[in-house]
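Chain residues, written in single-letter form:
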Amino acid sequence: MIVTLIVLCEVAFWVLLAAGLALRYLAKKPTLGAAVLLCEPLLEVVLLVVTAIDLKNGAQPDWKHGLAAVYIGFTVGLGHSTIRWVDARVAHRFAGGPPPKYGMARAAHEWKVAARWTVAAVTALALLQAAVWYVGGDGDVSSLQAWQQKMLLVIGINVVIAGSYTLFPKREPAGR
């Protein structure tokens, strides 16, 4: 049930995003588009509540509960910036918005992205730790702890990516 809900939340995220941007740019209804986009956080609240209820009802914590915590963490850390990123691309395509960044501006952008991924991973780490404490010594929490190790790896990978853009800045394509 948890995995199905995670998939439904992800699909609903992209459907709400597409609907909100379509209302904003194609239907020229920015207020209604913003209202649709503001419905996004409700998806994570539902997932958090259902996951907590599942654990409260005696479910053994496993990779699905860890995945739910990771999904919520990533939405907290990256959801808003993903919406802004897609919005900027749609604005560039349909409303004359600015083009992508290059050089050191891109490097600075990548450090901000790494910070967002870090917030996402730290949020997931905190939710996973809360689940470990919630289950207590009565259950096997090794799958939740495995997810915590993966979140530390996510932080490291994003710092390496941001560092590579600092050391090797992306150049603007010739002819622009």
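Before going into details, it helps to say that this report is about the structure given with it.

The rules we used
Residues numbered from 1 in each chain as written. Predicted model: local features only at pLDDT ≥ 70, side-chain atom pairs only at ≥ 80, totals over all residues. Heavy atoms only, no water. Helix = DSSP H or I, 4+ residues; strand = E, 2+ residues; numbered from the N terminus. Buried < 20%, exposed > 50% of the residue type's maximum accessible area, 1.4 Å probe, protein only. Axes fitted to C-alpha atoms, helices over the stretch in contact; angles between N-to-C directions. Parallel < 35°, antiparallel > 145°, perpendicular 65-115°, else oblique. Left-handed = near helix turned anticlockwise from the far one by under 90°. Contact = heavy atoms within 4.5 Å. Nonpolar A, V, L, I, M, F, W, Y, C, P; charged D, E, K, R; others polar. Patch = residues over 30% accessible without salt bridge, like charges linked within 9 Å, V, L, I, M, F, W, Y side chains within 5 Å. Areas by Shrake-Rupley, 256 points an atom, 1.4 Å probe, with all protein chains shown as cover. Salt bridge = Lys/Arg side-chain N within 4 Å of Asp/Glu carboxyl O.

Some details on the environment of Tyr102
In this fold, Tyr102 is placed in the loop between helix H4 (63–94) and helix H5 (103–135). The class of Tyr102 is buried, set by a relative accessible area of 19%. Sequence separation of Tyr102 and Lys170 is 68 residues, and the distance between their C-alpha atoms is 5.4 Å.

Points about the packing of helix H3 (residues 40–56) against H4
Axis separation between H3 and H4 bottoms out at 10 Å; the angle between their running directions is 170°. The orientation of H3 with respect to H4, classified from their angle, is roughly antiparallel. Considering how the two elements wind past one another, H3 and H4 form a crossing that is left-handed. Taken together, the residues of H4 that come into contact with H3 (itself represented by Glu40, Glu44, Leu47, Leu48, Thr51, Asp54 and Leu55) are His65, Ala68, Tyr71, Ile72, Thr75 and Ile83. The residue inventory of the contact of H3 with H4, partitioned by class, reads seven nonpolar, three polar and three charged.

Comments concerning a nonpolar patch on the surface
Together, Val7, Val11 and Val15 make up an exposed nonpolar region whose accessible area comes to about 260 Å². Here Val11 shows up in helix H1 (residues 2–26). On the basis of relative accessible area, Val11 is assigned to the partly exposed category, the value being 48%.

Considerations on the pattern of salt bridges
Taken as a whole, this structure holds three salt bridges when the rule is applied. Linking Asp62 and Lys64 is a salt bridge whose minimum nitrogen-to-oxygen distance equals 3.1 Å. Arg106 serves as the salt-bridge partner of Glu110, at 2.8 Å between the closest nitrogen and oxygen. With Glu110 and Arg106 both in helix H5, this residue pair falls four residues apart, about one helical turn. Accessibility expressed as a relative area gives 15% for Arg106, which makes it buried.

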